[in-house]
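Fold and contact review
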Amino acid sequence: MADRFSLSNKVAVVTGASRGIGRAIAVELAMAGARLFCVSTKPGGCDETLAACGAVGATVAALVADVAQSSQVDAMAKSVLEASGKIDILVNNAGVTKDGILLRMSDADFDSVVGVNLRGTFLSCRAFARPLIKSGAGRIINIGSVVGLIGNAGQVNYAASKAGLVGLTKSLAKELGSRGVTVNLVAPGFITTDMTSGLPEELKAATQKQIPLGRFGGPEEVAAAVRYFASDASAYVTGQVLVVDGGLAM
C-alpha cells in the first residue's frame, strides 16, 4: 500500500525557514521525501536548516526574499520554477512580531507586521498559484496562530494579521478548489522556540496553567500537522484551520 504521507517527488517551498517552526517544517517535509526550497530574509539565514535537511538525504536549496516585497517574491518564485520546473507545496511560515499596547503602537509597527504576515502570504500565494494549479494536486499551508482566533493584549497588529490569514485561507480554498489545489491553515499555540524562550518565567508559568495538556508544544508537532496537509492523506480537506495548542483556545 502506498504511503499517503510520503512527499516523494514533490517540490516544496517554505518561507521563514531559518529557525524555529519554519526549520522544523522544512526538516519534516525533507524526511517525507520532498525537494526543499527554504526562504529567509538574508544570505546564509537558512544554513543550519539546509544542513539539517541534507542530513536526512533531501535535496535542498536556499533563497533570499523579503516576502512583503512583491518584486522579491516574484523573483523568488521564478528561481524556484527555473530550478525545479514545478512546485507542489507552498508553506507560508514567514512572520514577525512587534508587540505593544494600542496607544503606543506606531503606524510602522502595525504596517510591518501585517506586511510580512498577511501581505507576504498573499504575495506568495499569488506568485505560485498558476504552477500549483499545474501540479494537479497543489497544496498551500498557511501558518497562523491561536492569537488570530482568540486575540491577545499587546498584539493587535499580530492578531489582526493572523486573523486575516484565516479569511485569506478560506477564500483562496474556494477559488482554487475546482483546480485541485487545497488551502489550509495551521494555528500553533505556545510553541517552544527561540522567540518564546526569552519570555519571563512567570509569564510562561501562567500560560502553561491555562493549557489543558499542561505543557508547551514543540516545533515538530506543528510540522507534523503541516506534513498532513501537504500529503495525499488530506486530499479531501480544504479551507480548514487546525489548531495545535494543547487545548489552549478551547
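Residues numbered from 1 in each chain as written. Predicted model: local features only at pLDDT ≥ 70, side-chain atom pairs only at ≥ 80, totals over all residues. Heavy atoms only, no water.

Considerations on the packing of helix α1 (residues 20-31) against helix α9 (residues 219-230)
The condition that has to hold: Where helices are involved, their axes are fitted lines through C-alpha atoms of the stretch in contact, as for all axes, and angles between N-to-C directions lie from 0 to 180°. Only DSSP runs of H or I covering at least 4 residues are called helices, and only runs of E covering at least 2 are called strands; the numbering of each starts at the N terminus. What sets the label is the angle itself: under 35 degrees gives roughly parallel, over 145 gives roughly antiparallel, 65 to 115 gives roughly perpendicular, and the rest give oblique. By convention, the crossing between two helices is left-handed when the near helix turns anticlockwise from the far helix through less than a right angle, and right-handed when the turn is clockwise. In what follows, residue pairs with any heavy atoms lying within 4.5 Å of each other are defined as contacts. Residues are grouped as follows: nonpolar covers Ala, Val, Leu, Ile, Met, Phe, Trp, Tyr, Cys and Pro; charged covers Asp, Glu, Lys and Arg; every other residue, Gly included, is treated as polar.
Contact geometry of α1 with α9 gives a least axis separation of 8 Å together with a crossing angle of 50 degrees. With respect to each other, α1 and α9 are oriented oblique. The chirality of how α1 crosses α9 is right-handed. Where α1 approaches α9, its residues Gly20, Ile21, Ala24, Ile25, Glu28 and Leu29 are matched on the opposing element by Pro219, Glu220, Val222, Ala223, Ala224, Val226, Arg227 and Ala230. Residues of the contact of α1 with α9, tallied by class, amount to 10 nonpolar, 1 polar and 3 charged.

Things to note about the packing of aromatic side chains
What counts here: Pairing of aromatic side chains here covers Phe, Tyr and the six-membered ring of Trp, requires ring centres within 6.5 Å, and sorts the geometry by plane angle: under 30 degrees stacked, over 60 edge-to-face, intermediate tilted. Buried means the residue's accessible area, taken with a 1.4 Å probe over protein chains only, is under 20% of the maximum for its type, while exposed means over 50%, and partly exposed covers the values in between.
Scanning the model with the defined rule gives 2 aromatic pairs in all. For the ring pair Phe190 and Phe216, a centre distance of 4.1 Å and an interplane angle of 25 degrees mean the geometry is stacked. One end of the pair, Phe190, is in the loop between β6 (182-188) and α7 (194-197); the other, Phe216, is in the loop between α8 (201-209) and α9, and 26 residues separate them in sequence. Centroid distance Tyr228 to Phe229: 5.3 Å. Interplanar angle 45 degrees. Geometry classified as tilted. When its relative accessible area of 3% is taken as the criterion, Phe229 is described as buried.

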